[in-house]
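# Descriptive analysis of the structure
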Amino acid sequence: MQKYDYLIVGSGLFGCVFAHEATKAGKKCLVIDKRNHVGGNVYCENVDGINVHKYGAHIFHTNDKVIWDYVNQFAEFNNYVNSPVSISKGKLYNLPFNMNTFYQLWGTKTPDEAKKIIKNQIKEHGFENPKNLEEQALSLIGKDVYETLIKEYTEKQWGKKATELPAFIIKRLPVRYTFNNNYFNDKYQGIPIGGYNKIIDGLLKGIETKTNIDFFENKEELSKLASKIVYTGKIDEFYNYKFGNLEYRSLRFENTRLEKENHQGNAVVNYNDGNIPYTRIIEHKHFEFGKQKHTVITKEFPEQWTKEKEAYYPINNDENQNKYQQYKALSVQENNIIFGGRLAEYKYYDMHQIIASALQKAKKELS
Ligand code: UDP
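Residues numbered from 1 in each chain as written. Predicted model: local features only at pLDDT ≥ 70, side-chain atom pairs only at ≥ 80, totals over all residues. Heavy atoms only, no water.

Using the following cut-off: UniProt positions are given in the numbering used here, feature names are shortened, and annotations may be inferred rather than shown by experiment.
An unreviewed UniProt entry lists the chain under the name UDP-galactopyranose mutase, from Hwangdonia lutea. Under the UniProt heading Cofactor (unreviewed entry), the note attached to the chain is "FAD". Note on the chain: under the UniProt heading Sequence similarities (unreviewed entry), the record states "Belongs to the UDP-galactopyranose/dTDP-fucopyranose mutase family."

Written out as structure tokens, the structure is:
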């Protein structure tokens with residue numbers, strides 16, 4: 001008889017939600033993580049009152065009331081609305097692409113004026129069936145926005161030509177003909193008051209957790225502990241890269257504490273130009289309207305992924321998707337292993353989507 005019903009490998013949102021639901025259903029779980037803390041990439045480090053998003057900025061948003069109510073069980077959310085700005089060739093533009101952006105680009109003051117320009121540019125440079133990110137962007141928003149705010153940011157972010165990237169990535173960004181700088185279209189948005197760790201702690205309340213444990217280094221003995229495994233790491237690593245490794249994009253974060261109240265006036269400032277090596281600077285206190293005398297900023301440098309580095313983004317182009325399908329075919333044959341999350345499903349998931357997926361898989365498993 002095993003000691004646990006589930007061994008959960010990885011304490012990110014997928015693992016924690018699954019563990020929470022399984023525990024609620026009377027199952028015994030052990031959650032392990034190779035880092036020295038739980039929470040995966042939503043983990044925050046408190047620097048004298050400022051929650052620093054250690055693994056990149058996380059802004060919660062969803063259209064789904066069920067998911068919104070679910071996270072609100074564990075923390076109250078503030079009314080932060082993400083409104084990044086982007087600097088391109090020394091000029092500042094509002095994001096996402098909206099009437100403010102169009103005014104800054106062309107001086108257009110009405111939707112009709114902006115639409116006319118965009119329509120003409122789409123007619124001239126757009127594609128009927130866009131096959132990659134560049135073609136998709138040109139067909140969605142035209143040449144000027146693409147060249148000023150998309151092309152260089154995208155190529156630096158992904159380390160690939162925009163023509164080699166999947167079209168869906170650029171559809172994450174809204175295009176709207178109103179003066180509205182909200183980066184998301186979702187009904188619910190905010191940052192948990194007290195930080196994301198509060199949500200993780202709530203999900204893991206009463207559940208056994210062990211940090212600093214590498215699953216692969218102790219695979220045999222760990223696997224014996226539980227009837228089933230919930231695996232949230234990289235799927236190619238699970239199968240020892242037998243079909244070759246999937247591509248990921250890594251990041252390097254450079255954090256600086258500054259003894260001043262306000263450095264950039266916004267939580268997120270993007271840097272479009274290709275000759276600037278980072279994609280954005282995050283000023284964490286603005287996520288929570290902080291009034292501290294100091295501030296913490298993080299420059300985010302995209303990097304080539306290697307096996308020693310953290311995998312942040314899957315690169316879902318055709319080649320990688322085909323390889324993933326081979327791994328997936330193996331994974332669906334497993335009787336005692338559940339795969340879930342951004343790395344195990346090789347999917348560019350947002351937080352709300354991970355929670356929805358974990359709830360769905362937990363329900364299926366536990367019912
Ligand atoms: N993007 C861009 N310019 C920007 C911001 C985003 O071209 O100023 C593109 C880029 O290709 C990026 C994608 O839109 O990878 C998705 O952006 P999002 O902000 O959703 O990315 P995340 O926060 O997940 O890194």
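## Considering the overall build of the chain
We count it as follows: Here a helix means four or more residues in a row that DSSP labels H or I, a strand means two or more in a row labelled E, and each is numbered from the N terminus. Per-residue and other accessible areas follow the Shrake-Rupley method at a 1.4 Å probe size, with only the shown protein chains counted as cover for residues. The positive count covers Lys and Arg only, the negative count covers Asp and Glu only, and His and the chain ends enter neither. To locate a charge, take NZ of a lysine, CZ of an arginine, CG of an aspartate or CD of a glutamate.
Helix and strand counts for the chain come out as eleven helices and 16 strands. By its C-alpha atoms, the chain is 70 × 50 × 35 Å across when sized along the principal axes. Here the chain has roughly 17500 Å² of accessible surface; of this, 47% comes from carbon and sulfur atoms. In the chain, which carries 51 positive and 45 negative side-chain charges, the distance between the mean positions of the two groups comes to 2 Å.

## A closer look at the site of the ligand
Our working rule: Here, proximity means that at least one heavy atom of the residue falls within 4 Å of the molecule or strand. In protein, a polar contact requires one atom able to donate a hydrogen and another able to accept it; more generally it is a pair of N or O atoms within 3.5 Å, and residues adjacent in sequence count only if both atoms are side-chain atoms. Residues are grouped as follows: Ala, Val, Leu, Ile, Met, Phe, Trp, Tyr, Cys and Pro are nonpolar; Asp, Glu, Lys and Arg are charged; every other residue, Gly included, is polar.
Of all residues adjacent to the ligand, which total 16 residues, the nearest are Thr-154, Arg-172, Tyr-183, Tyr-313 and Tyr-348. Between an oxygen atom of the ligand and a side-chain N or O atom of Trp-158, the distance comes to 2.8 Å. In this structure, an oxygen atom belonging to the ligand sits 2.6 Å away from a side-chain N or O atom of Tyr-183. For the ligand, the protein covers 92% of the area, taking 530 Å² as the surface of the free molecule. A total of six residues in the shell around the ligand trace back to one element, the largest contributor, which is helix α6 (residues 143–158). For the shell around the ligand, the residue count by class is eleven nonpolar, three polar and two charged.

## Quick look at the sheet that holds strand β9 (residues 208–210)
Operational definition: Pairing between two strands is assigned when DSSP locates at least 2 bridges connecting them. To get an axis, a line is fitted to the C-alpha atoms, and for a helix only the part in contact is used. The angle between two axes follows their N-to-C directions and goes from 0 to 180 degrees. By definition, residues are in contact when any of their heavy atoms lie within 4.5 Å.
One open sheet holds the five strands; their spatial order is β9-β2-β1-β10-β16, and the pairing between them is parallel. Taken across any chain shown, the strands that pair with only one partner, and hence form the sheet edges, are β9 and β16 (337–339). Each strand axis lies, on average, 20° off the axis of its neighbour in the sheet, ignoring direction. Where strand β10 (residues 226–231) lies against β16, three bridges are found, and the strand directions are parallel. By the bridge assignment, Ile-229 is partnered in β16 with Ile-337. Running over the sheet, helix α11 (residues 351–366) touches β1 (4–9), β10 and β16 and is turned about 160° from β16.

## Quick word on the UniProt feature "domain: UDP-galactopyranose mutase C-terminal" (unreviewed entry) in the chain
Mapped onto this structure's residue numbering, the UniProt feature "domain: UDP-galactopyranose mutase C-terminal" (unreviewed entry) falls at residues 149–348. Counted over residues 149–348, helix gives 20% and strand 23%. Its end C-alpha atoms are 21 Å apart.

## What to know about the pairing of β10
Regular strands place side chains that alternate from one sheet face to the opposite one. The pairing of β1 with β10 spans five bridges and is classified as parallel. Note that in β10 the partner of Ile-8 across the bridge is Val-230.

## Here we look at the environment of Asn-82
Following the sequence through the fold, Asn-82 ends up in the loop between α2 (65–72) and β6 (85–88). Taking the C-alpha atoms as reference points, Asn-82 and Val-268, separated by 186 residues in sequence, lie 8.0 Å from one another. When neighbours within four sequence positions are excluded, Asn-82 is seen to be in contact with Ile-59, Asn-181, Asn-182, Tyr-183, Phe-184, Gln-189 and Val-268.

## Some words on the packing of helix α1 (residues 13–24) against helix α7 (residues 196–203)
Running from amino to carboxyl end, α1 crosses α7 at an angle of 35°, the nearest separation of the two axes being 8 Å. Along the contact surface, α1 presents Leu-13, Cys-16, Val-17 and His-20, while α7 presents Ile-200, Gly-202 and Leu-203. Of the residues in the contact of α1 with α7, the class split is five nonpolar, two polar and no charged.

## Some points on the pattern of salt bridges
Which entries qualify depends on this criterion: When a carboxyl oxygen of Asp or Glu lies within 4 Å of a side-chain nitrogen of Lys or Arg, that pair is called a salt bridge. Exposure is judged per residue with a 1.4 Å probe applied to protein chains only, and the accessible area is read against the type maximum: over 50% gives exposed, under 20% gives buried, and values in between give partly exposed.
Within the structure shown, the criterion is met by 19 salt bridges. The salt bridge involving Arg-35 is made with Glu-310; its shortest N-O contact spans 3.0 Å. Residue Arg-35 is located in the loop between β2 (29–32) and β3 (44–47), and its partner Glu-310 is located in the loop between β14 (295–304) and β15 (313–314); the two are separated by 275 residues in the primary sequence. Arg-35 sits in the buried class, given a relative accessible area of 13%. When its relative accessible area of 33% is taken as the criterion, Glu-310 is described as partly exposed. As a salt-bridge pair, Lys-54 and Glu-45 come within 3.5 Å of each other at their nearest N and O atoms. Judged by its relative accessible area of 26%, Lys-54 falls in the partly exposed class. Through salt bridges with shared partners, a single ionic network connects Arg-252, Glu-254, Glu-303 and Lys-309.

## As for the sheet that holds β14
Strand order in the open sheet formed by seven strands is β7-β6-β12-β13-β14-β11-β15, with mixed pairing between adjacent strands. The sheet terminates laterally at β7 (91–94) and β15, the two strands that pair on one side only. Here β6 runs beside strand β12 (residues 268–271); their pairing, made up of three bridges, is parallel. Within β12, the residue paired with Val-85 across the bridge is Val-269.

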